[in-house]
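Inside the fold
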Amino acid sequence: MKTRPPKKRTSSTKPPRAVLAKPSVAARKRSPKNGKYPDIRRDLERQREAILNETEEVLTHRGDIEAFPDVSDQASAEVDQNFSMRIRDRERKLLKKIDEALERMDAATYGICERCGEDIPYKRLKARPVTTLCIECKTIQEQEERARG
Ligand SMILES: [Zn+2]
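Residues numbered from 1 in each chain as written. Predicted model: local features only at pLDDT ≥ 70, side-chain atom pairs only at ≥ 80, totals over all residues.

Moving on, we come to the overall build of the protein. Across its full length, the protein carries five helices and zero strands. Secondary structure elements of the protein, listed N to C terminal, follow the sequence α-α-α-α-α. The buried share among the 149 residues of the protein stands at 9%. Excluding contacts between residues fewer than 6 apart, the proportion of contacts in the protein whose partners are at least 24 apart in sequence is 52%. (Helix = DSSP H or I, 4+ residues; strand = E, 2+ residues; numbered from the N terminus. Buried ≥ 20, exposed ≤ 12 C-beta atoms within 10 Å, placed from the backbone. Contact = placed C-beta atoms within 7 Å.)

Written out as structure tokens, the structure reads:
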């Protein structure tokens, strides 16, 4: 249910899954899981979709280059491959964070700071929906990381 396969979509002009843009009031009432941060959930799902589409584009693009061997010498093909692998690595990590955030929403633990257990302010969640720490704890964590080197 949570792992939807990425849709095959060649044009990115239309926002995907417009159905989600307006959840009906009835559906929201029936499902308390969606209740607390419905707009952030929507942001997360949109972002998730965008990443999946982008990743697909990178792969498609790579396919194009490989289809013209005279344009791509071995070196540039490797650079290109490293580049798309880096993108995929970064996006895979973000995708994981998004999935985890959605899971926390399902478990009704979303928006609670992992470290101090306080509610993370809505403004912070809206700006950075995958965060698991409030500003204070994030600052402390960063200081600790710097101290560790
Ligand atoms: Zn905290």
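Still more to cover.
Right, let's talk about helix α3 (residues 74-106) for a bit. Between its terminal C-alpha atoms α3 stretches 47 Å, which fits the 48 Å expected from 33 residues at 1.5 Å a residue. Taken residue by residue, α3 has I98, A101 and M105 as its buried positions. A positive phi of about 60° marks A108, the residue just after α3. (Expected span 1.5 Å × (residues − 1).)

So, on to the nonpolar core. In terms of nonpolar packing, the biggest core is built from six residues, these being L44, I98, A101, M105, Y110 and V130. The greatest single-element share of this core, amounting to three residues, is contributed by α3. (Core = buried A, V, L, I, M, F, W, Y, C linked by C-beta atoms within 7 Å.)

Before going further, it helps to spend a moment on unusual backbone geometry. Phi angles above zero are rare outside glycine, and A108 is one such case at about 60°. Checked against the element boundaries, A108 lands in the loop between α3 and α4 (122-127). Given 12 C-beta atoms within a 10 Å radius, A108 is considered exposed.

The next subject is the confidence of the model for the protein. When pLDDT is averaged along the protein, the result is 78, and 66% of the positions lie at 70 or above. Contacts for the low-pLDDT stretch residues 17-34, under 50 throughout, to residues beyond four places or in other chains number 13 contacts. (pLDDT = per-residue confidence, 0-100.)

The end-to-end C-alpha distance of helix α5 (residues 135-148) is 20 Å, a good match for the 20 Å that 14 residues give at a rise of 1.5 Å each. Taken across its 14 residues, α5 has zero buried, putting it largely on the surface. Where α5 terminates, the next one or two residues include G149, which has phi positive at roughly 85°.

The next subject is the environment of E118. Summarising the element assignment, E118 is placed in the loop between α3 and α4. For E118, a count of 12 C-beta atoms within 10 Å gives the class exposed. In sequence terms E118 and C134 are 16 residues apart; their C-alpha atoms lie 7.7 Å from each other. Each residue touching E118, except ones within four places of it in the same chain, is listed here: C113 and C134.

Once that is clear, we can look at the environment of K96. Residue placement: K96 occurs in helix α3. Judged by the 11 C-beta atoms lying within 10 Å of it, K96 is exposed. Put simply, K96 and R48 are 48 residues apart on the chain and 9.4 Å apart in space, counted from C-alpha to C-alpha.

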